[in-house]
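Structural characterization, general
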Amino acid sequence: MKKVYQLLGFILLMMLISACTLGATSEKKTEEDSVEANEQKGSGEYIVGITYTTPETGSTHMGMEKFKELAEEKTNGEVVVELYPSGQLYASEREAIEAVQAGNIEMTVAASAPVAGFDKRFLALDLPFIFPDHDTAYEALDGELGQTLLDGLPEIGLVGLAYGETGMRQLSNSKRPIESPEDLAGLKIRTMENEVHIDTFNEYGSNASPFAFGELYSALQQNIYDGMENPINLVDQMKFYEVQDYLTISNHAYTATVGFMNADFFNSLPEDLQEKLKEAALEAMDYQREIARQQDEDGLEVIKEHMEINELTDEQKQQFIDSAAPIFEKYEDDIGTELMELARSYSK
């Protein structure tokens, strides 16, 4: 019996060892499967929330959808992008920029004009008639002028990734066709939160002031403002043609958008992820520009059915350029002489 008990004990011991070995093997296999899954899907370690005021039908949203796709793909899922369009978090671009500065959200895409409220050098992009066409604007923004401006953003807690566009800005109002600066006299004009825009329209004799984009339709509907200035694609998407009667193709200014992140957040990322996000932003913003220009073309066809449209002749446009001449002198100190000259070189 003693030998039987010894044999049974030996068998039980072997079974226990076998079970432990299988358990360890199974646990190791589970860990290996988990590592492989993380390698395939990414860990989602970094969340990038992006806020912007424009609607889901707009080119900025489509550009950010492309950015989300590219960023998550290029980082193998280590970065997960969350989109917040239509001003659902912040009604104005200024509020969105302040939120990014404070680290309340990681990223925003805002028109360059409100950025000037935080870095006055960006006023160079808002000088009247500084870019005669889209291609000239791209040359400036993707070259020395644009990079010089982005280089200064870390000083205010931001890191610029790439330029997109809102587009060439046009005039609209509910009173009369605009063919000369005198036609703007006395009109209440909504502008972006930008000193150059406000002063330029006041120079034309209008009563200009900023107002939150997300609430602009109601302000025009209630006659708080007689008119505004925006690219055609936004006039169409926001249905401003329902509350405005006249559109003037003036191309009086070009507005870029700037995609930027909170500097502390961006700098906390591994360098390889920083580069991949920059690459994704550049590709996405190029894609966004194409959509914006197509939306201008398509939007104009829609607007023609609702508004009276006139286009400034070269002679009429020169009247506006001449009337706005004092703006350049007024803002030279804020922008800097060298940067001002660089910006003005693109208008020739």
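We now turn to the structure provided with this report. A quick note: this is a predicted structure, and the numbers were derived from the prediction, not measured.

The next point concerns the pairing of strand S7 (residues 227–230). Judged by which residues are buried, S7 turns out to be covered on both faces: Gly 227 and Glu 229 on one side and Met 228 and Asn 230 on the other are all buried. Here four bridges tie strand S4 (residues 158–173) to S7, and the two strands are oriented antiparallel to one another. Looking across to S7, one finds that Leu 171 is bridged to Glu 229. Note that strand S5 (residues 188–191) and S7 share two bridges and pair parallel. Bridge pairing links Arg 190 to Met 228 in S7.

What follows concerns the nonpolar core. Core analysis: the biggest nonpolar cluster contains 53 residues, and Phe 122, Phe 131, Leu 145, Tyr 163, Leu 184, Tyr 254 and Ile 335 have the highest contact counts within it. Residue assignment for this core shows that the elements contributing at least two residues are helix H3 (93–102), helix H5 (134–141), helix H6 (144–151), S4, helix H7 (195–203), strand S8 (246–262), helix H13 (325–330) and helix H15 (337–344). What Leu 145 contacts, discounting residues up to four positions off in sequence, is Leu 125, Phe 131, Ala 140, Leu 339, Leu 342, Ala 343 and Tyr 346. In this structure, Val 79, Phe 265, Phe 266 and Leu 269 belong to the second largest nonpolar core, which totals 27 residues.

Considering all chains together, one arrives at 14 salt bridges under this definition. Glu 283 is the salt-bridge partner of Lys 74, the closest N and O atoms lying 3.0 Å from each other. Remark: Glu 283 occurs in helix H11 (residues 271–303) and Lys 74 occurs in helix H2 (residues 59–74); sequence separation between them is 209 residues. Taking the relative accessible area as the measure of exposure, Lys 74 reaches 24% and is therefore partly exposed. Taking relative accessible area as the criterion, Glu 283 reaches 38% and is therefore assigned partly exposed. Across the pair Glu 229 and Arg 169 runs a salt bridge whose closest N-O atoms are separated by 2.6 Å. Taken together, the positions of Glu 229 in strand S7 and Arg 169 in strand S4 put the pair 60 residues apart, joining distant regions of the chain. An identical accessibility class is assigned to Glu 229 and Arg 169; each is buried. A single network of salt bridges, built from pairs that share partners, joins Lys 74, Glu 279 and Glu 283.

Once that is clear, we can look at the environment of Pro 114. Turning to its location among the elements, Pro 114 is positioned in helix H4 (residues 112–115). Along the sequence, Pro 114 and Ile 97 sit 17 residues apart, while their C-alpha atoms lie 8.5 Å from each other. Sequence-distant contacts of Pro 114, that is, excluding residues within four places in its chain, are made with Glu 93, Ile 97, Met 192 and Glu 193.

Let us now look at empty space enclosed by the protein. A complete count under the given rule lists two cavities of 30 Å³ or more for this structure. Its volume calculated, the largest cavity comes out at about 280 Å³. In this structure, the largest cavity is lined by 27 residues; those nearest its centre are Thr 53, Glu 93, Ala 111, Met 192 and Phe 213. Residue composition of the lining of the largest cavity, by class: 10 nonpolar, 12 polar and five charged. Taken as a whole, the second largest cavity holds about 60 Å³ of empty space. Those elements that place two or more of their residues in the lining of the second largest cavity are H7 and S8. Element by element, the count of residues in the lining of the second largest cavity is highest for H7, at three residues. Considering only residue class, the lining of the second largest cavity consists of four nonpolar, three polar and two charged.

Attention shifts here to the pairing of strand S1 (residues 46–51). Taking burial as the measure, the six residues of S1 include five buried ones, the bulk of the element. In this fold, S1 hands off to H2, which returns the chain to strand S2 (residues 79–84); that crossover is right-handed. Across two bridges, the pairing between S1 and strand S3 (residues 107–111) is parallel. Looking at S3, one finds that Ile 50 is bridged to Met 107.

For the rest of this paragraph, the subject is H3. Of all the positions in H3, only Glu 93, Ala 96, Ile 97, Ala 99 and Val 100 are classed as buried. Mapping the buried residues of H3 onto a view down its axis gives an arc of 160°, with all of them on the same face. Its buried side turned inward, H3 meets S1, S3, H4, S4 and S8. Gly 103 sits one or two positions beyond H3 and adopts a positive phi of about 80°.

Now for the side chain of Ser 206. Position of Ser 206 among the secondary structure elements: in the loop between H7 and strand S6 (207–210). The class for Ser 206 is buried, based on a relative accessible area of 7%. For Ser 206, the side chain forms a polar contact with the main-chain oxygen of Phe 201, separated by 2.6 Å. Discounting chain neighbours no more than four positions away, the residues touching Ser 206 are Leu 184, Ala 185, Gly 186, Leu 187, Ile 189 and Phe 201.

In this section: the packing of aromatic side chains. Any pair of aromatic rings gets described here by the distance separating the centres and the angle formed by the planes. In the structure shown here, the tally under the stated rule is six aromatic pairs. Summarising the aromatic geometry, the rings of Phe 131 and Tyr 254 are spaced 6.2 Å apart at their centres and angled 80° between planes, so their arrangement reads as edge-to-face. A residue pair is termed long-range when its members are at least 10 positions apart, and Phe 131 in the loop between H4 and H5 and Tyr 254 in strand S8 qualify at 123 residues. Considered together, Phe 131 and Tyr 254 belong to a single accessibility category, that of buried residues. For the pair Phe 213 and Phe 240, a centre-to-centre distance of 6.0 Å together with 90° between the ring planes defines the contact as edge-to-face. Of this pair, Phe 213 sits in the loop between S6 and helix H8 (216–221) while Phe 240 sits in the loop between helix H9 (232–237) and S8, placing them 27 residues apart in sequence. We classify Phe 213 as buried; its relative accessible area is 11%. Assessed through its relative accessible area of 0%, Phe 240 is described here as buried.

Calculation notes
- Once a new chain begins, its residue numbering starts again from 1 and follows that chain's sequence as written.
- Confidence filtering applies because this is a predicted model: local features only for residues at pLDDT of at least 70, side-chain atom pairs given and counted only at 80 or more, and all residues used for totals across whole chains, interfaces and linings.
- Side-chain measures were taken over the full set of non-hydrogen atoms in the model, leaving aside hydrogen atoms and water.
- Accessible area is worked out with a 1.4 Å probe on protein chains only. A residue is then buried under 20% of its type maximum, exposed over 50%, and partly exposed in between.
- The secondary structure listing takes helices from DSSP runs of H or I that are at least 4 residues long and strands from runs of E that are at least 2 residues long, numbered from the N terminus.
- When DSSP finds two or more bridges between two strands, those strands count as paired.
- Among the buried residues, those of types Ala, Val, Leu, Ile, Met, Phe, Trp, Tyr and Cys that are joined through side-chain atoms within 4.5 Å form a nonpolar core.
- Should any heavy atoms of two residues lie within 4.5 Å, those residues are counted as being in contact.
- Think of a salt bridge as a Lys or Arg side-chain nitrogen and an Asp or Glu carboxyl oxygen that are within 4 Å of each other.
- Only protein atoms enter the 1 Å grid used here, on which a cavity is any set of points holding a 1.4 Å probe that cannot leave and a pocket is any open set flanked by protein within 12 Å on both sides along at least five of seven lines; residues with an atom within 4 Å of a point are listed as lining.
- Grid points are joined across faces, edges and corners, and a volume is the space filled by probe spheres set on the points.
- Note that Gly is not counted as nonpolar here; it falls among the polar residues with everything else outside the nonpolar set of Ala, Val, Leu, Ile, Met, Phe, Trp, Tyr, Cys and Pro and the charged set of Asp, Glu, Lys and Arg.
- If the strands point away from the viewer and the path from the first strand over the helix to the second runs clockwise, then the crossover is right-handed.
- An arc is given here, and it is the one of the directions from the helix axis to the C-beta atoms.
- Residues adjacent in sequence count toward polar contacts only when both atoms are side-chain atoms; beyond that, a polar contact is any pair of N or O atoms within 3.5 Å, and within protein one must be able to donate a hydrogen and the other to accept it.
- Working definition: rings of Phe, Tyr and Trp (its six-membered ring) pair if their centres are within 6.5 Å, and the pair is stacked with planes under 30 degrees apart, edge-to-face with planes over 60 apart, and tilted otherwise.

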